[in-house]
Amino acid sequence: MPRKDALLKLRENLIRRRDALSRALAGDLSLLQELHQQKTGDVLDAAADTMQDELNSQLLEVESRELSAIEEAIVRMEQGGYGDCVDCGKPIPLTRLRAIPYATECIACRRKSEMSSGTAGAVSWNRVFEDAEVDSV
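Residues numbered from 1 in each chain as written. Predicted model: local features only at pLDDT ≥ 70, side-chain atom pairs only at ≥ 80, totals over all residues. Heavy atoms only, no water.

1. Let's talk about the UniProt feature "domain: Zinc finger DksA/TraR C4-type" (unreviewed entry) in the protein chain
For clarity, the cut-off: UniProt positions are given in the numbering used here, feature names are shortened, and annotations may be inferred rather than shown by experiment. We count a stretch as a helix when DSSP gives it H or I for four or more residues in a row; a strand needs E for two or more, and each element gets its number in order from the N terminus.
Cross-referencing UniProt, the feature "domain: Zinc finger DksA/TraR C4-type" (unreviewed entry) maps to residues 80-114 in the present numbering. For residues 80-114, the end-to-end C-alpha separation is 26 Å, with 40% helix and 0% strand making up the annotated structure.

This is how it looks when you write it as C-alpha cells:
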C-alpha cells in the first residue's frame, strides 16, 4: 500500500477515534456531575466515592490529552505536514504512525527529547519500534 493511501486510512481512523473520544468525554462529564449530586451514605461510602471521582478525573485527563493530540494531527493533515517529524522533517515510519497515529516525532528525535527531558528511563521499556525503518513505497 503506498504511503499516501496508508496516511488516508490513518486519517479515517483518527477521525473515528476523535468522534468516539468526544462522545465518551461528554458522557463521562455528565456522569461525574450526576454523581456529585447524589452524595449519600456513610464515611466509607464518601471515601469510595472520592477515590472513584479521582480515577474518573484522571481518565478524563488522559482522554482529553489524546483528543487534543488527535485534533492537532488532523490539522497537520489538512496543512500537509502529517507524517513528517516536526524536529528533523524526515518521514515518520508508518509502523510508528499505525501504533501512535498522532505521533509528531520520528523515533530518533523522540529519543533525543526523552534524553534531554530526563524521561528516558521511564519509557525505555516500550521500544517496540526503535529499529523501524521508513517505509518505502
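2. Comments concerning the pattern of salt bridges
Put simply, the test is: Between Lys or Arg on one side and Asp or Glu on the other, a salt bridge is scored when a side-chain nitrogen of the former is within 4 Å of a carboxyl oxygen of the latter. For every residue, the accessible area obtained with a 1.4 Å probe (protein chains only) is divided by the maximum for its type, and the residue is called buried under 20%, exposed over 50%, and partly exposed between those limits.
A full pass over the atoms with the stated rule returns six salt bridges. For the salt bridge of Glu-61 with Arg-65, the shortest nitrogen-to-oxygen distance reads 2.8 Å. Linking Glu-61 with Arg-65, this pair stays in helix α2 (residues 43-79), spanning four residues, or about one helical turn. In this structure Glu-61 comes out as partly exposed when scored by relative accessible area, which is 45%. As a salt-bridge pair, Glu-105 and Arg-110 come within 3.3 Å of each other at their nearest N and O atoms. One salt-bridge network, in which partners are shared between bridges, spans Glu-105, Arg-110 and Glu-114.

3. Examining α2
Put simply, the test is: Each residue after the first adds 1.5 Å to the expected span of a helix.
With 37 residues, α2 extends 54 Å between its outermost C-alpha atoms, agreeing within 8% with the 54 Å of an ideal straight helix rising 1.5 Å per residue. Every buried residue of α2 is listed here: Asp-53, Leu-60, Glu-63, Glu-66, Leu-67, Ala-69, Ile-70, Ala-73, Ile-74, Arg-76 and Met-77. Phi turns positive one or two residues past the end of α2, at Gly-80, with a value near 85°.

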